[in-house]
Amino acid sequence: MALDAQTQGFLDLAEVEIGPWTAARAAERELAIPPAALPGVIENVALLRAQTALFVATLGPIAGEAPEPFQP
């Protein structure tokens, strides 16, 4: 399975690292997350990480390969 480094880094985050990672990524992009919204954003990022892990596991060895266009 050949995932790009950023995706693999995202998947390798421990649960306790998601909050600081989310805040750092927002700061890198000059996004200001209101303090009241930050817990919800962190929860959504945690869910996204779990979904990404599920998709990668389901794709197995083809994860990371370029998708083929749909051919009806």
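Residues numbered from 1 in each chain as written. Predicted model: local features only at pLDDT ≥ 70, side-chain atom pairs only at ≥ 80, totals over all residues. Heavy atoms only, no water.

Engineer: Whenever I open this one, the environment of Thr22 confuses me. Can you help?
Structural biologist: On the secondary structure map, Thr22 appears in helix H2 (residues 18-28). With relative accessibility at 5%, the residue Thr22 sits in the buried group. If near-sequence neighbours (up to four positions away) are discounted, Thr22 is found in contact with Val41, Ile42 and Val45. (Helix = DSSP H or I, 4+ residues; strand = E, 2+ residues; numbered from the N terminus. Buried < 20%, exposed > 50% of the residue type's maximum accessible area, 1.4 Å probe, protein only. Contact = heavy atoms within 4.5 Å.)

Engineer: Help me understand the packing of H2 against helix H3 (residues 38-59), please; the structure alone is not making it clear to me.
Structural biologist: What describes two packed helices is the angle between their axes and the distance between those same axes. Where H2 meets H3, the axes come as close as 9 Å, and the angle between the chain directions of the two elements is 105 degrees. If you check the angle between H2 and H3, you find them roughly perpendicular. Residues Ile18, Gly19, Trp21 and Thr22 of H2 touch H3, and the partners they reach there are Val41, Ile42, Val45, Ala46 and Arg49. Split by residue class, the contact of H2 with H3 holds six nonpolar, two polar and one charged. (Axes fitted to C-alpha atoms, helices over the stretch in contact; angles between N-to-C directions. Parallel < 35°, antiparallel > 145°, perpendicular 65-115°, else oblique. Nonpolar A, V, L, I, M, F, W, Y, C, P; charged D, E, K, R; others polar.)

Engineer: Can you walk me through H3 in this structure?
Structural biologist: Residues spaced three or four apart along an α-helix face the same direction, because each turn holds 3.6 residues. Here H3 is 22 residues long and its end C-alpha atoms lie 31 Å apart, about the 32 Å a rise of 1.5 Å per residue gives. Inspection of H3 places Val45, Ala46, Arg49, Thr52 and Val56 among the buried residues, and these make up the whole buried set. Each buried residue of H3 lies within a common arc of 120 degrees when the element is viewed along its axis, so the set occupies one face. Summarising the geometry of H3, the exposed residues directed more than 90 degrees from the buried face are Pro39, Glu43, Asn44, Leu54, Phe55 and Thr58. For H3, the elements touching its buried residues are helix H1 (5-11) and H2. Looking at the residues trailing H3, positive phi occurs at Gly60, about 60 degrees. (Expected span 1.5 Å × (residues − 1). Arc of directions from axis to C-beta.)

Engineer: Got a minute to help me understand H2 in this structure?
Structural biologist: Those residues of H2 not exposed but buried are Ile18, Gly19, Thr22 and Ala26. In an axial view of H2, the angular spread of the buried residues amounts to 105 degrees, which keeps them on one side of the axis. Seen from the open side of H2, the exposed residues pointing more than 90 degrees away from its buried face are Pro20, Ala27 and Glu28. Residues of H2 that are buried make contact with H3. Directly beyond the C-terminal end of H2, a positive phi value near 55 degrees is found at Glu30.

Engineer: Even after reading the chapter, I still don't get the confidence of the model for the protein, so can you show me in this structure?
Structural biologist: Taken residue by residue, the protein gives an average pLDDT of 88. The fraction at 70 or more is 96%. Averaged pLDDT values over the elements of the protein bottom out at 90 in H1 and peak at 94 in H2. (pLDDT = per-residue confidence, 0-100.)

Engineer: Would you mind going over the packing of aromatic side chains with me for this structure?
Structural biologist: Note on aromatic pairs: each is described by the distance of the centres and the angle between the planes. Counted according to the given criterion, the structure contains one aromatic pair. Both rings, one in Phe10 and one in Trp21, keep their centres 5.1 Å apart while their planes meet at 40 degrees; by these two values the pair is tilted. Taken together, the positions of Phe10 in helix H1 and Trp21 in helix H2 put the pair 11 residues apart, joining distant regions of the chain. Classification of Trp21 as partly exposed rests on a relative accessible area of 27%. (Phe/Tyr/Trp six-rings, centres within 6.5 Å; stacked < 30°, edge-to-face > 60°.)

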